[in-house]
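# Survey of secondary and tertiary structure
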Amino acid sequence: MSAEPGSRPAPTLEMVAALAGVSRATVSRVVNGSPSVAPHLAESVEEAVRTLNYVPNRAARTLAIRRTYTVTLLVPESTSKVFADPFFATVVEGVTKYLNTTDYMLNIVTSSEADPEKTRRYLMGGNVDGVLVVSHHSGDHSWASLTHSLPVVFAGRPLVNADESYFVEVDNEEGAVAATARLVEGGRRHIATIAGPQDMPPGVDRLAGWRAALAAGGLDDALVEIGDFTVTSGAAAMRRLLERDKPLDGIFVANDQMAAGAYSVIKERGLRIPEDIAVVGFDDDYFATSVSPALTTIHHPISALGEKMAELLVELIEGRPAARVYRLPTSLVPRDSA
């Protein structure tokens, strides 16, 4: 196909080489970031690239270096849960904020674990350069063994093979200690918790933090119910706690969605927040300010978590030095519920 009248052919590698007075191979090494080219030759090539406005052929470059410039955010949850939870949208916001400063693109794969082999075939089929795993459970299989074939970064410490994994997390246990201490310092002595799933790191660590804070205050830690981080499970767990017919004047809920569910049941029973039951959540998301009274909670820097995960993954893909673990701090956000 000939160029349209008046148009110029796109500059080629050969044209850059001719203008710079070097070989085609030298130009290729420079545009692909090789450090093996003498500085004065690299400078000549870069000047020719700017003069000709040369743009490397991404398809050819991808074949040459076996890189797709695509990363996958893998969420081993049902699609309905992913789109109902603001946590995932905020993680994506952070990931894309970092990737927008690079040449990498993002795709998202949700997997209910009904067909983990399908997910694994896709990820290991040369379609992506690396994987970000969010909301993983200890029994998941779609990402099992991926770390032997692809760079993988987890959101939170994986419960299996943590010593061999790269991950970014908040200090969930420290945050839970601060949340529970808020209740203790407010004079509450019968403090329950609605914990998250015990096959997920945040569920395990936030329950441990609640127990540690109660132990420090010499208080009983028998009032425990487990939810799955959804509003519905928070309501169900709150009903179970109240049906025990034991004294209860404070509760730490392992995320704000479950806290919103607990609110509905507390009010349904004619109890007041915080006068009868003080409530503290975790995440500081949309649910914390949509309930009344506004929820005292632990701020979880979710967008920063996604941003750091993406940065760490790109470091691994490109073979740059990278720390195995990044831990982000949490902070208490006092509002009206405790």
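For the structure itself, consult the block above.
Residues numbered from 1 in each chain as written. Predicted model: local features only at pLDDT ≥ 70, side-chain atom pairs only at ≥ 80, totals over all residues. Heavy atoms only, no water.

## Here we look at the pattern of salt bridges
Rule in force here: Salt bridges, as used here, are contacts in which a Lys or Arg side-chain nitrogen is within 4 Å of a carboxyl oxygen on Asp or Glu. Put simply, DSSP H or I for four residues or longer makes a helix, DSSP E for two residues or longer makes a strand, and each gets a number counted from the N terminus. Accessible area is worked out with a 1.4 Å probe on protein chains only. A residue is then buried under 20% of its type maximum, exposed over 50%, and partly exposed in between.
Summed over the entire model, instances satisfying the criterion amount to 15 salt bridges. Between Arg 244 and Glu 225 there is a salt bridge, with the nearest N and O atoms lying 3.0 Å from each other. Of this pair, Arg 244 sits in the loop between helix H10 (231–243) and strand E8 (250–253) while Glu 225 sits in strand E7 (residues 224–226), and the two are 19 residues apart along the sequence. Residue classification places Arg 244 among the partly exposed positions, given a relative accessible area of 29%. With relative accessibility at 13%, the residue Glu 225 sits in the buried group. Among the ionic pairs, Arg 335 bridges to Asp 284, the shortest N-O distance being 2.8 Å. Placement of the pair is Arg 335 in the segment after strand E12 (331–333) and Asp 284 in the loop between strand E9 (278–280) and helix H12 (286–290), with a sequence separation of 51 residues. A relative accessible area of 22% places Asp 284 in the partly exposed class. Connected through salt bridges with shared partners, the residues Glu 225, Arg 240 and Arg 244 form a single ionic network.

## Examining the sheet that holds strand E1 (residues 70–75)
Note the threshold: Two strands make a pair as long as DSSP finds a minimum of two bridges between them. Here the axes come from fitting lines to C-alpha atoms, over the contacting stretch only for helices, and the angles between their N-to-C directions go from 0 to 180 degrees.
A sheet is described by the order of its strands in space; here six strands give the open sequence E2-E1-E3-E4-E5-E11, paired in parallel fashion. The strands lining the two open edges of the sheet, one partner per strand, are strand E2 (105–110) and strand E11 (325–328). The mean inter-strand angle of the sheet, taken between neighbouring strand axes irrespective of direction, is 20°. Both strand E5 (residues 166–170) and E11 contribute to a ladder of four bridges, which runs parallel. Paired with Val 170 across the bridge in E11 is Leu 328.

## Let's talk about the sheet that holds E7
Strands sit in the order E7-E6-E8-E9 across an open sheet of four strands; the sheet is parallel. The strands lining the two open edges of the sheet, one partner per strand, are E7 and E9. Between one strand axis and the next, the sheet turns by 15° as a mean value, whatever way the strands run. Inspection of the sheet shows strand E6 (residues 191–195) paired to E8 by four bridges, in the parallel sense. For Thr 193, the partnering residue across the bridge sits in E8 and is Phe 252.

## Remarks on the packing of aromatic side chains
Using the following cut-off: Two rings from Phe, Tyr or Trp (for Trp, the six-membered ring) form a pair when their centres sit within 6.5 Å of each other. Planes less than 30 degrees apart are called stacked, planes more than 60 degrees apart edge-to-face, and all others tilted. Two conditions define a charge located above a ring, namely a distance within 6 Å from the ring centre to NZ of Lys or CZ of Arg, and an angle within 35 degrees of the ring normal.
Enumeration according to the criterion identifies three aromatic pairs in this entry. Between Phe 87 and Phe 88, the aromatic rings sit 5.5 Å apart at their centres with planes inclined by 80°, giving edge-to-face as the arrangement. In this structure, Phe 87 and Phe 88 share a single accessibility class: buried. Centroid distance Tyr 286 to Phe 287: 5.4 Å. Interplanar angle 75°. Geometry classified as edge-to-face. The positively charged end of Arg 206 is found above the aromatic ring belonging to Phe 282, 3.7 Å away from the centroid.

## As for the packing of helix H1 (residues 13–20) against helix H2 (residues 24–31)
Rules: Here is the rule for angles: anything less than 35 degrees is roughly parallel, anything more than 145 is roughly antiparallel, 65 through 115 is roughly perpendicular, and the remaining ranges are oblique. Working rule for contacts: check all heavy atoms of both residues, and any pair within 4.5 Å makes them a contact.
Packing of H1 against H2 leaves a shortest axis separation of 8 Å and a crossing angle of 105°. With respect to their mutual orientation, H1 and H2 come out roughly perpendicular. Here H1 contributes Leu 13, Glu 14, Val 16 and Ala 17 to the contact with H2, which in turn contributes Arg 24, Val 27 and Ser 28.

## Looking at the pairing of E6
A regular strand places its side chains on the two faces of the sheet in alternate fashion. Counting buried residues in E6 gives five out of five residues, a clear majority hidden from the surface. Burial along E6 is two-sided: the residues Ile 191, Thr 193 and Ala 195 and Ala 192 and Ile 194 are all buried. Of the strand pairs in this sheet, E6 and E7 are connected by three bridges, and their pairing is parallel. Across the sheet, the residue bridging to Ile 194 is Glu 225, located in E7.

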